[in-house]
Amino acid sequence: MSSLAPRGYLKVSSIRMQGLLLLFFSKLAHVPFIRDIQDTYSRTGISGYWGNKGGVSIRLSFYGHMLCFLNCHLAAHMQYASQRVDEFEYILDTQTFDPKKTPHILDHKLVFWFGDLNFRIQDHGMHFLRNCITSHKFNLLWSKDQLTMMKKTEALLQEFDEGPLDFQPTYKFNRFSDCYDSSGKMRKPAWTDRILWRVKDSGLDEKNTKNQQEEEEFPLKLKQDSYTSNMEYGVSDHKPVIGIFTLELRKMYETPLVRVCAEGEWSADFDAMVIYSPLQPFPSSAWDWIGLYKVGFRSVSDYITYTWVKDDEVSFNDELTQVYVSKDEIPALGGECVLCYYCSTLQCIVGISSPFKNSWTKNIGDSPFEV
């Protein structure tokens, strides 16, 4: 969060199951158009009772297109390739979302599947493996990569795409080193850490003509720009894998659900005013709130202060509402800020104001003290 916030990204959602973590960040400009956020998890460790293995996912609507991000940690060891596929199928079957839209992972228009999938390179001996890696002849190992092999017989896996493995296997390394495992176990190198994706084919759902029409009117295309690993990190026996993609889509909507703005001059001597108005129908409630944030905030929880939308409000008409923020809740600070309207039902920000500069003042006796 500290690294990405200065680059204009904020954390939209996250989910953790023991050591399995999924974080979703977005540029601020996209945030009001990221909706219907839900997360869930599935345990597969110790017959489904333990969360050291399994999957965590975040699904969301991005400009109306349903996306799902699934991070998995599957069964380890060379001999369990089939079990890894079984665990993946179990995760797809057990993770469910809003039944009205996309109840299952594969119902989403775009799915990213990634993580420590634990597929190994079988048959080849250690000497041949290391010679291929040292000489950068990675293609000689592809045919014995278990995930590549399983895709030839598993129809489900064939629906997922992956870029070429043109980087050295990311497991198993001595920690804080570029050297593969030199312990007594001498684990064979493998591409355990992978990033795959699936763009839903409207032809697979011939009965649902509505979905086909929607996909024709609002197309979505994905292109992978790079697929590699980063050898600089040494805190783990794995090296991180990075995938960069270009997503092209036709937006289903370009207007936020709420317009929100600061009214007049904000001062710590007076109650501040916020004006908001709904631009489209949405499930508002008394639990919605408007937060004050400094420009460059890191997540939804980084608000300076907030006000409930139903507290101290005055409706000018059916479309325009004014809310007061108590001066006692306004800290003495300066700089650029924004206001964000948070919808508790949708669990996301649905409106962001333009940045505005603040010059907070407090009267000390007869003299104003400016901060």
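Refer to the preceding data block for the structure.
The numbers attached to residues start from 1 for each chain and follow its sequence in the written order. The predicted origin of the model limits local features to residues at a pLDDT of at least 70 and limits the giving and counting of side-chain atom pairs to 80 or more, whereas totals for whole chains, interfaces and linings rest on all residues. Hydrogens and waters are ignored; side-chain quantities use all the structure's heavy atoms.

*Asks:* Which residues make up the overall build of the protein, and what values do they have?
*Replies:* Only DSSP runs of H or I with at least four residues qualify as helices, and only runs of E with at least two residues qualify as strands; both kinds are numbered from the N terminus onward. Within the protein one finds 6 helices and 20 strands. Taking the principal axes of its C-alpha atoms as reference, the protein extends roughly 85 × 55 × 40 Å. Burial classes: relative accessible area under 20% of the type maximum marks a residue as buried, over 50% as exposed, and values in between as partly exposed (1.4 Å probe, protein chains only). Buried positions account for 46% of the 371 residues belonging to the protein. Summarising the internal contacts of the protein: among those between residues at least 6 apart in sequence, 61% fall at separations of at least 24. To measure how exposed things are, a 1.4 Å probe is used in the Shrake-Rupley method; for residues, cover is taken only from the protein chains shown. About 19,100 Å² of surface is accessible on the protein, with carbon and sulfur atoms providing 50% of the total. In this analysis, two residues are considered to be in contact whenever any of their non-hydrogen atoms come within 4.5 Å of each other.

*Asks:* Before we move on, can you summarise the packing of aromatic side chains with the specific residues and values?
*Replies:* To describe a pair of aromatic rings, you give the distance between the ring centres and the angle between the ring planes. Each pair of aromatic rings taken from Phe, Tyr and Trp, with Trp reduced to its six-membered ring, is defined by centres within 6.5 Å and is described as stacked if the planes are under 30 degrees apart, edge-to-face if over 60, and tilted in the remaining cases. If you walk through the whole model with that rule in mind, you get 21 aromatic pairs. Judged by centre distance (3.7 Å) and plane angle (10°), the rings of phenylalanine 88 and tryptophan 113 are stacked. Taken together, the residues phenylalanine 88 in helix H1 (residues 81-94) and tryptophan 113 in strand S6 (residues 110-116) connect sequence positions 25 residues apart. Take phenylalanine 88 and tryptophan 113: they sit in the same class, and that class is buried.

*Asks:* So what's going on with H1? Which residues, and what values?
*Replies:* The first and last C-alpha atoms of H1 sit 20 Å apart over 14 residues, in line with the 20 Å expected at 1.5 Å per residue. Ala81, Arg84, Val85, Glu87, Phe88, Ile91 and Leu92 are the residues of H1 that are buried. Viewed end-on, H1 has its buried residues packed into an arc of 160°, placing them on one side of the element. Against strand S3 (34-45), strand S4 (50-62), strand S5 (65-73), S6, helix H4 (146-151) and helix H5 (155-158) lie the buried residues of H1. The span one expects for a helix is its residue count, reduced by one, times 1.5 Å. In this context, the arc is that of the directions from the helix axis out to the C-beta atoms.

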